[in-house]
Amino acid sequence: VVQEFDTVVDSVCPFCGVGCQTKVAVKDNRIVQIDGRDGPANESRLCVKGRFGYDYAMSPERLTKPLIRRDDAPKAGDIDLRGVDPLTIFREATWEEALERAAGGLKRIRDEHGGQGLAGFGSAKGSNEEAYLFQKFVRQGFGTNNVDHCTRLCHASSVAALMEGVGSGAVSAPFMDALKADCVIIIGARPATNHPVAATYFKQAAKRGTKLIVMDPRGQEMMRHAAYSLRFQPGSDVAMLNALLHVIIDEKLYDEQYIQANVSGFRALEAKVRDFSPEAMAEVCGIEADVLRQVARTYAKAERSMIFWGMGVSQHTHGTDNSRCLIALALITGHVGRAGTGLHPLRGQNNVQGASDAGLIPMYFPDYKSVENIDIRGQYENFWGQTLDPKRGLTVVEIVDAIHDGEIRGMYIMGENPAMSDPDQSHARAALAKLEHLVVQDIFLTETAWHADVVLPASAHAEKLGTYTNTNRQVQIGRPALDLPGEARQDLDLIVELANRMGLGWNYGHVSEVYTEMAQVMPSLKHISWERIEREESVVYPADGPDVPGNEVVFTSGFPTTDGRGRIVPTDLLPPDEVPDDEYPLVLTTGRLLEHWHTGAMTRRAGVLNAIEPYGIAAMNPYEIKRRGLSQGEVIAVETRRGTVEAILRADREVADGMVFMPFCFNESPANKLTNPMLDPYGKIPEFKYCAAQIVPA
Ligand code: SF4
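What counts and how
- Residues numbered from 1 in each chain as written.
- Predicted model: local features only at pLDDT ≥ 70, side-chain atom pairs only at ≥ 80, totals over all residues.
- Heavy atoms only, no water.
- Pairing = 2+ DSSP bridges.
- Helix = DSSP H or I, 4+ residues; strand = E, 2+ residues; numbered from the N terminus.
- Axes fitted to C-alpha atoms, helices over the stretch in contact; angles between N-to-C directions.
- Contact = heavy atoms within 4.5 Å.
- Left-handed = near helix turned anticlockwise from the far one by under 90°.
- Nonpolar A, V, L, I, M, F, W, Y, C, P; charged D, E, K, R; others polar.
- Near = heavy atom within 4 Å.
- Core = buried A, V, L, I, M, F, W, Y, C linked by side-chain atoms within 4.5 Å.
- Buried < 20%, exposed > 50% of the residue type's maximum accessible area, 1.4 Å probe, protein only.
- Salt bridge = Lys/Arg side-chain N within 4 Å of Asp/Glu carboxyl O.

### Considering the sheet that holds strand β12 (residues 305-309)
Line of reasoning, step 1. Taken together, five strands build an open sheet; the order of strands is β10-β9-β8-β12-β13 and the sheet is parallel. Of all strands in the sheet, those bounded by a partner on one side alone are β10 (228-230) and β13 (342-345). Along the sheet, successive strands turn relative to each other by an average axial angle of 15°, direction set aside.
Line of reasoning, step 2. Strand direction decides the pairing type here: strand β8 (residues 183-187) and strand β9 (residues 211-215), joined by five bridges, are parallel. Paired with V184 across the strands is L212, a residue of β9.
Line of reasoning, step 3. Against the sheet, helix α8 (residues 237-250) contacts β8, β9 and β10, and its axis sits at roughly 145° relative to β9.
Line of reasoning, step 4. Along the sheet face, helix α14 (residues 319-333) touches β8, β12 and β13 and points at about 170° away from the line of β12.

### Some details on the packing of α8 against helix α12 (residues 289-301)
Line of reasoning, step 1. Relative orientation of the contacting elements α8 and α12 amounts to 65°, with a least axis distance of 9 Å. The handedness of the crossing between α8 and α12 is right-handed. Together, M240, A243, L244, V247, I248 and D250 of α8 and L292, R293, V295, A296, Y299 and A300 of α12 make up the contact between the two elements.
Line of reasoning, step 2. By residue class, the composition of the contact of α8 with α12 is ten nonpolar, no polar and two charged.

### Things to note about the site of the ligand
Line of reasoning, step 1. As a structural note, the neighbourhood of the ligand is formed by C13, F15, C16, V18, G19, C20, L46, C47, K49, G50, P196 and V197.
Line of reasoning, step 2. Here the residues of the shell around the ligand are counted per class, giving nine nonpolar, two polar and one charged.

### Describing unusual backbone geometry
Line of reasoning, step 1. In this model, Y541 is joined to P542 through a cis peptide bond whose omega is -5°.
Line of reasoning, step 2. Position of P542 relative to the elements: it lies in the loop between β21 (538-540) and β22 (566-567).

### Brief notes about the nonpolar core
Line of reasoning, step 1. By size, the foremost hydrophobic cluster in this structure holds 58 residues, and its most contacted members are L133, F137, Y412, L456 and W506.
Line of reasoning, step 2. Once residues lying within four places of it in the same chain are set aside, the contact partners of L456 are W95, A98, L99, V439, V440, Q441, D442, L494 and L498.
Line of reasoning, step 3. Grouped together as the second largest cluster of nonpolar side chains are 56 residues, L253, A328, A330 and F559 included.

### Notes on the pairing of strand β18 (residues 454-457)
Line of reasoning, step 1. What you see with β18 is no split at all: V454 and L456 on one side and V455 and P457 on the other are buried throughout.
Line of reasoning, step 2. Note: strand β4 (residues 67-69) against β18, two bridges, orientation antiparallel. Looking at β18, one finds that L67 is bridged to V455.
Line of reasoning, step 3. Relative to β18, strand β17 (residues 437-442) runs parallel, the two sharing four bridges. Of the residues in β18, the one forming a bridge with Q441 is L456.

### Quick notes on the sheet that holds strand β2 (residues 21-27)
Line of reasoning, step 1. Strand order in the open sheet made by the three strands is β1-β2-β3, with antiparallel pairing throughout. With one partner strand each, in any of the chains shown, β1 (7-12) and β3 (30-36) form the two edges of the open sheet. Sheet twist, expressed as the average angle between the axes of neighbouring strands with direction ignored, equals 30°.
Line of reasoning, step 2. Pairing of β1 with β2, which is carried by six bridges, proceeds in the antiparallel orientation. Paired with S11 across the two strands is T22, which belongs to β2.

### Let's talk about the pattern of salt bridges
Line of reasoning, step 1. Scanning the entire structure with this criterion turns up 51 salt bridges.
Line of reasoning, step 2. Between E487 and K65 there is a salt bridge, with its nearest N and O atoms 3.0 Å apart. Separated by 422 residues along the polypeptide, E487 in the loop between β20 (474-478) and α20 (491-501) and K65 in the loop between α1 (48-52) and β4 bring together distant segments of the chain.
Line of reasoning, step 3. Looking at E487, the relative accessible area reads 33%, which means it is partly exposed.
Line of reasoning, step 4. In this structure, the salt-bridge partner of E221 is R224, at a minimum N-O distance of 3.6 Å.

Here is the structure:
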């Protein structure tokens, strides 16, 4: 325990969507310790990332000066630039030169080719205010809706299904409500790894008697606390979930009264799932019919049941269908709209909820208002004083393809790392290399920044003031604890600088002014002023008044859909896009490790975390390893139709026979070089969780 510090700053954790509140102890402009604060989502708890993952902000690798690509430097493409001196590729520049170069290149493309020649990726790691200004800049300054962020790669399909089914993409109840539930389903999520403090609530709930049902093709720690653990066949979610729906309907366990009052589409669902008996689906999903029946009864008969899900549900070409099944489960049983019930897609990044709410997505203005709606667009045109693009923009993977097609020529990327996070990485990196003009704003020279024409050194979470919205819809405040290093500048200031150099004439004096403007256009933030968030530290939206707590549970009297009813959309079985065959007989799935977060740009520069998980791995079941004559610890090469990646083999009983698991945070073993970019047709999310692979000699 560090005894001496100069100051302690109240803030929030920069990593996952749980939104733990923190106390950041600082001495000599260095963070020396982080402790948990008594926030509503963490009650003083922190996980290993929140507690020990802070020193990336003080890394000597931080960008401290603007950089401009040298005229003779090659574009990176798929070249391995590790170990290359950045100053052989870039030269240091003044802010004036860098900003002029950055804005000038974007302006030239806009003026010569129109706004559709440009696109922007914002960040779920940034604040609400940054997300709002970023999307406003792209829409107003570029003149396009080609703006997106990593939500496209995590819960886009969940949001598509939720918007269609219940009229809102946010959670219906906080994860702490698991403590009030009699039954909790966790499917396609690994909270002990990815939402560790939320996992403590689930474990507590199980200890108090809540029946935990954990569904995951991989084994996981939560199964030790579960009444039922269903390790179903990867990709067979719809078969398993439709079998549960079949049982609930067949055994009349549904809530007829609730359906009549609140739900559309029940008869179509009834007809659809008739053929999905547990007996018929058992072989498809690998779960015994009797277990499926018991699980369906447990969920439906409980007084209060909740469903939590994660990327295992969403990152499939049938991701939207998976979520549709979960929504149908909740709607036909009436397990929504009351404390201890509901639908909760666990958010991955600390502000992915807020960034999406703030409009950092190509089809919606803030608060999920369609850009194609003429009345809504008219309101924004009046408010922003400019004609806006009437068409929905392109999504993350579509933008990459549009670069290859020559349609998109320039990009502005703030705090995202598509060179590591996008599927079929070589294809994505080749696109970045092909851009005529790329501006990257970040705190490190990320794999994406290597491709940039101009690199703008920006602010780390610990250096800025702003609001962040966690998975529970709690809007919280992050405060600066450190001074910016070198010449680095605030992200918000940089967006304003670029906007003004493209002729927008913006004038924001303080972060709170951006928040206030944002709250003016977002009904969800009504009654939640900047001052209120500063005072209360955490406010749930929606709130009914300035002095009353926000509504933790929503849909208490119908849904925010056009007719006020929840809508069931029945689903069919669709196989994954790329199934194993003789050439590629294994299933590759990707995800995270407890100690590393997203593409590793931050946590791999955090000493403690990187010491625990220091190198790229590929995990397989010990039996599979033995059968193949391999040994734990040896270097193997995992190959798919898109490439080959070397990694150190780890024996892991949680990985099923016939599967390989790779985390996507290691740049020396980049799992996304292997993944399939095929998209879910509704959410436009790639199939990260399933593709055909094989092991070849390293
Ligand atoms: Fe941070 Fe999430 Fe860990 Fe909380 S659970 S400390 S928000 S990474």
